[in-house]
Amino acid sequence: MRNWIELLSTLTLKDIGLEIRTKEVFTTIILFSILVVSTFAITSNNTLQIPENVGAGIIWASVIFSGSIAMIKFFASEIENETLDAMLLMPVPRELIFFSKLFSFFIFLSISEMVIFATFSIFYNVNVFSTDVLLTAVIFNFGFSSIGTFFGTIVAKAKSKETLLALLIVPILIPLAMFAVEITSANLAGEQSENIKTWIGLAISFDIIFVVLLTFLFGKIVEE
Amino acid sequence: MLLEVSNIKKSFQDNLVLENLSLSLDLEESICITGSNGSGKSTLLKICSGLLHPDQGAVNVLEKSFLSQSQGLEIRRRIGVLLHSNMLYPTYTVRQNLYLFAKILGIIEYKPRVGEIVERLGLDDSMDKEVQKLSNGNKRKVGLCKSLLNDPDLLIIDEPESNLDAESLKTIAGILTDRATSGKGNLFTSHSVEFSALCSTKSFKISSGSLVLL
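Below you will find a few notes about this structure.

The rules behind these values
Residues numbered from 1 in each chain as written. Chains lettered and ligands numbered in written order. Predicted model: local features only at pLDDT ≥ 70, side-chain atom pairs only at ≥ 80, totals over all residues. Helix = DSSP H or I, 4+ residues; strand = E, 2+ residues; numbered from the N terminus. Buried ≥ 20, exposed ≤ 12 C-beta atoms within 10 Å, placed from the backbone. Contact = placed C-beta atoms within 7 Å. Pairing = 2+ DSSP bridges. Axes fitted to C-alpha atoms, helices over the stretch in contact; angles between N-to-C directions. Nonpolar A, V, L, I, M, F, W, Y, C, P; charged D, E, K, R; others polar. Expected span 1.5 Å × (residues − 1). Bend = angle between axes of the 7 residues up to and from the residue. Parallel < 35°, antiparallel > 145°, perpendicular 65-115°, else oblique. Left-handed = near helix turned anticlockwise from the far one by under 90°. Core = buried A, V, L, I, M, F, W, Y, C linked by C-beta atoms within 7 Å.

### Notes on the overall build of chain B
The helix and strand tally for chain B stands at seven helices and 10 strands. With the principal axes as the frame, chain B shows a C-alpha extent of 45 × 40 × 35 Å. Out of the 214 residues in chain B, the part that is buried amounts to 47%. When contacts within chain B are restricted to residue pairs at least 6 apart in sequence, those whose partners lie at least 24 apart make up 70%.

And the structure:
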């Protein structure tokens, strides 16, 4: 068990080390999201009058699309240099490869979201940072990272991978997106969602089901 | 027996690459596979290293099968593989790459082991250079270092001679010969008759998907 934890931390730190050198994932998520948030802000007559659910939608739509593009970049270099194959040739359980990718992307996404939340807060003059929204972000990012890791691996060798990945993951992410928008829009209105416990319960169940299922399937798809 | 391949068949869509191919590699053997481009040499090595599965037939490495996950992990702990690509992280230095793979392989005293291999292949001066800044020949040597880290019982190499100068080739031939004489096994492909003669105990040619002893 201890060896597995050491191995998982070695693999995760490897991805973080590579990202610190290239900054491809951070740059993609942050720049794309800031562009979307600022475009909406600039084209709105009065950013203070934007309905809360629209504001929450802007935040999470920019996270989903920028995250999808970043996920492609995250896997593209692995495929280009055949380093994913290098890992498959090593004595590493496939589940650990999946979890290391999941954790690495979770960290990249979470850090990038802090910048997106801050940008939104500045442009729209509201405070996005609250315990509810931060908890929502953690649950959303975990689900997004697991689904993105799985489908990112599948489409990494395809020609139209950006389009394909978005087409595959966006429909699956709809329940998580609905949860994130619900909690965030209530927060933007200065309230707490009435059904917050139900939403959190559903979102955590969604994460658990997908992580268990995709961990099992990941081993199968990378075998050949 | 280090490797036993029995009647394997492999095709990609309609293209039949390997058919009824059998091969066995024992201790102290060094087998060279030759053949024209596209004859299936690399596919055979990928199957022997567990990266591809055959459509039919069985592959046993160190008397274990890749089909079982626990046995697959045990095999991977004891083999070294260098395929056509060097499979290195280009933005990491040579040292970072080799230390990373050594840690993943579970080598406790990995620094002296890396130092020993790097010295033998003459890469001491390049240890702190990023892999992407190395020549193709040196990248190949780093790839070879990586495959030798765990002193594997079976070493599988796809065209070890590619991008290497004559002196480096002699060094690698020496490594392969030393391994065979110390009870290990090597399976490699090559287009070079001279290199094959230097370090193989048997040579086969892939023809129409099957092996022919040379």
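### Focus on the sheet that holds strand β4 (residues 56-61) of chain B
All names here are of chain B. Strand order in the open sheet formed by four strands is β2-β1-β4-β5, and the pairing between neighbours is antiparallel. A strand with exactly one partner marks an edge of an open sheet, and here the two such strands are β2 (15-25) and β5 (64-65). Looking at chain direction, β4 and β5 are connected through two bridges and run antiparallel. What sits directly across from V61, in β5, is K64. Of the strands in this sheet, β1 (3-12), β2 and β4 touch helix α1 (residues 41-48), which is tilted by about 125° from β1.

### So, the interface of chain B and chain A
On the chain A side, the residues contacting the 20 residues of chain B number 19 residues. Of all the secondary-structure elements, those providing two or more residues to the side of chain B that touches chain A are α2 (69-78) and α3 (94-104) of chain B. Classifying every residue of the side of chain B that touches chain A gives 12 nonpolar, five polar and three charged.

### Re helix α5 (residues 136-148) of chain B
Residues and elements named next belong to chain B. A rise of 1.5 Å per residue sets the reference length of α5, with its 13 residues, at 18 Å; its end C-alpha atoms lie 19 Å apart and thus fit the reference within 8%. For α5, the tally of buried residues reaches 11 of 13 residues, placing the bulk of the element in the interior. Burial in α5 covers these residues: N138, K139, R140, K141, V142, G143, L144, C145, K146, S147 and L148.

### Observations concerning the pairing of β1 of chain B
All names here are of chain B. Relative to β2, β1 runs antiparallel, the two sharing seven bridges. Each bridged residue has a counterpart across the sheet, and for I8 the counterpart in β2 is L21. One ladder, built from five bridges, connects β1 with β4; its direction is antiparallel. In the strand pairing of β4, V5 is matched with V59.

### Looking at the environment of T10 of chain A
Tracing the backbone shows T10 of chain A in helix α1 (residues 2-22). Using a count of 16 C-beta atoms within 10 Å as the deciding quantity, one classes T10 of chain A as partly exposed. Discounting chain neighbours no more than four positions away, the residues touching T10 of chain A are K103 and I104 of chain B.

### Focus on the sheet that holds strand β7 (residues 154-158) of chain B
Residue and element names in this part refer to chain B. Strands sit in the order β6-β7-β8-β3-β9-β10 across an open sheet of six strands; the sheet is mixed. Each having just a single partner strand, β6 (79-82) and β10 (210-213) make up the two edges of the open sheet. For this sheet the average axis-to-axis angle between neighbouring strands, irrespective of direction, equals 20°. Direction of pairing for strand β3 (residues 30-34) relative to strand β8 (residues 185-189): parallel, over a ladder of four bridges. Looking at the pairing, C32 lines up with F188 of β8.

### Some points on helix α8 (residues 196-223) of chain A
All names here are of chain A. Across its 28 residues, α8 extends 40 Å between first and last C-alpha, which sits within 8% of the 40 Å expected from 1.5 Å per residue. The largest bend along α8 reaches roughly 25° and is located at L217. All of the buried residues along α8 are W199, A203, F206, D207, V211 and F218. Buried residues along α8 sit against α5 (94-124), α6 (131-155) and α7 (161-188).

### A few points about the packing of helix α2 (residues 24-43) of chain A against helix α3 (residues 52-80) of chain A
When two helices pack together, their arrangement is given by the angle between the helix axes and the distance between those axes. All names here are of chain A. Following both chains from N to C, one finds α2 and α3 inclined at 155°, their axes separated by 8 Å at the closest point. In terms of orientation, α2 and α3 fall into the roughly antiparallel class. Between α2 and α3 the crossing geometry is right-handed. Taking contact as the criterion, the partners of E24, V25, T28, I29, F32, S33, V36, V37 and F40 in α2 are, on α3, I58, S62, V63, F65, S66, G67, I69, A70, K73 and F74. Residue composition of the contact of α2 with α3, by class: 12 nonpolar, five polar and two charged.

### Considerations on the nonpolar core
Ranked by internal contacts, the top residues of the largest apolar core, which has 127 residues, are L176 of chain A together with C48, C145 and I156 of chain B. No other element matches α5 of chain A, which puts 13 residues into this core.

### Here's the deal with the pairing of strand β9 (residues 202-207) of chain B
All names here are of chain B. Pairing of β3 with β9 involves four bridges; the strand directions are parallel. What sits directly across from I33, in β9, is F204. Between β9 and the antiparallel strand that follows it, β10, lie two residues; S208 among them carries a positive phi value of about 50°.

### Focus: the packing of α2 of chain A against α5 of chain A
Residue and element names in this part refer to chain A. The N-to-C vectors of α2 and α5 enclose an angle of 20°; their axes lie 9 Å apart at closest approach. By the angle class used here, α2 and α5 are roughly parallel. As for the relative orientation of α2 and α5, their crossing is right-handed in sense. For the pair α2 and α5, the contacting residues are V25, F26, I29, I30, S33, I34, V37, S38 and A41 in the first and F108, L109, S112, V115, I116, T119, F120, F123 and Y124 in the second. Class assignment of the residues belonging to the contact of α2 with α5 gives a composition of 14 nonpolar, four polar and no charged.

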